[in-house]
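Here is how the chains run, residue by residue.
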Amino acid sequence: MWIIKLGGSWLTNPKLKSLLIAIEKFKDVPITLVVGGGIFADSIRNAQKYIKFDDRFANYLAIKSTEQYALIINKIAPYISITSKLSLLRSSKNLKIWLPSKHLSKEKKFKKNWESTSDSIACWLYSKMKSDGVIFIKSLSFEKKKSLKLIDLQKKGIIDRNILSYVKKKSCLKIVGPEVLQLLNKKKIGRKLLRILKVLSYEKKM
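Residues numbered from 1 in each chain as written. Predicted model: local features only at pLDDT ≥ 70, side-chain atom pairs only at ≥ 80, totals over all residues. Heavy atoms only, no water.

## A few points about the environment of leucine 148
Its place among the elements puts leucine 148 in strand β6 (residues 148-149). Leucine 148 sits in the buried class, given a relative accessible area of 7%. Separated by 27 residues in sequence, leucine 148 and isoleucine 175 place their C-alpha atoms 8.8 Å apart. Discounting residues that sit within four places of it in the chain, leucine 148 has contacts with Phe142, Leu153, Ile175, Lys198, Val199, Leu200 and Ser201. (Helix = DSSP H or I, 4+ residues; strand = E, 2+ residues; numbered from the N terminus. Buried < 20%, exposed > 50% of the residue type's maximum accessible area, 1.4 Å probe, protein only. Contact = heavy atoms within 4.5 Å.)

Quick look at the structure:
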């Protein structure tokens, strides 16, 4: 099973529906989507500035905001189902989006602060499900990058810092930007796509 983390910024991307249609071509491969909170999570950040609730509660609301994104995806792409049950994620019958709030609200080892974005959610799920790997689909292009270090992307705020709690040196982490749409639509690539995506090299020290 592969976990695809779809960035929250894709929520306002006019090509979101095209991307979901392209991903649907791989429905014979067990794939679970973990989505960001996007503008919904941003509203939580803004509310916290005025109401001053703690980060733990803010994290809970931000996680719930990812489920709003999931519901929107299910609305525009009904062939992608939504579930909170881990037991259903390995099924290859269709694409799925995992709703994380039910599990993570009770998970003591999941760090509940603003450094835990949907990046961490995807990696936490990866650690629990023994998946093949995590693919981060971001809004920035990585097409011209020859090599990518996880630590560098964390320093730039492109990947959150808490994922180091859920991945190890041999973890399979890959990343791609908007160019993924062109790659998915190339007929000759097919499953080779997984091999050509950029690999994030792991470093423990921050």
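Let us keep going from here.
## Here we look at the packing of aromatic side chains
Evaluation of the coordinates by the stated rule reveals 4 aromatic pairs. Measuring from ring centre to ring centre gives 5.5 Å for phenylalanine 53 and phenylalanine 57, while their planes differ by 85 degrees; the resulting arrangement is edge-to-face. Residue phenylalanine 57 is classed as partly exposed on the basis of its relative accessible area of 41%. Consider the rings of phenylalanine 110 and tyrosine 166, whose centres lie 5.7 Å apart with planes at 15 degrees: the pair is stacked. Note that phenylalanine 110 is positioned in the loop between α4 (101-104) and α5 (118-129) and tyrosine 166 in the loop between α6 (150-155) and β7 (173-176), a separation of 56 residues in sequence. Take phenylalanine 110 and tyrosine 166: they sit in the same class, and that class is buried. One aromatic cluster is present, built from ring pairs that chain together Phe53, Phe57 and Tyr60. (Phe/Tyr/Trp six-rings, centres within 6.5 Å; stacked < 30°, edge-to-face > 60°.)

## Things to note about the environment of asparagine 74
By the secondary structure assignment, asparagine 74 is in helix α3 (residues 55-76). Each C-alpha atom of the pair asparagine 74 and lysine 96 lies 9.3 Å from the other, and the pair is 22 residues apart in sequence. In this structure asparagine 74 touches Ile80, Ser81 and Ile82, once residues within four positions along its chain are discounted.

## Focus: the pairing of strand β1 (residues 2-6)
Burial within β1 is extensive, with 5 of its 5 residues counted as buried. Of the two faces of β1, both are covered, the one formed by Trp2, Ile4 and Leu6 as well as the one formed by Ile3 and Lys5. As judged from the 5 bridges shared by β1 and strand β2 (residues 31-35), these two strands associate in the parallel manner. Across the sheet, lysine 5 pairs through a bridge with valine 34, a residue of β2. Pairing of β1 with strand β5 (residues 133-137), which is carried by 5 bridges, proceeds in the parallel orientation. For isoleucine 4, the partnering residue across the bridge sits in β5 and is isoleucine 135. (Pairing = 2+ DSSP bridges.)

## Concerning the sheet that holds β6
The strand order across the open sheet built from 8 strands is β3-β4-β2-β1-β5-β7-β8-β6, with neighbouring strands paired in mixed fashion. The outermost strands of the open sheet, each flanked by one partner alone, are β3 (80-83) and β6. Examined bridge by bridge, β6 and strand β8 (residues 198-201) share 2 bridges and lie parallel to one another. Looking at β8, one finds that leucine 148 is bridged to leucine 200. Along the sheet, helix α1 (residues 16-23) contacts β1, β3, β4 (95-98) and β5; its crossing angle with β1, the most-contacted strand, is approximately 175 degrees. (Axes fitted to C-alpha atoms, helices over the stretch in contact; angles between N-to-C directions.)

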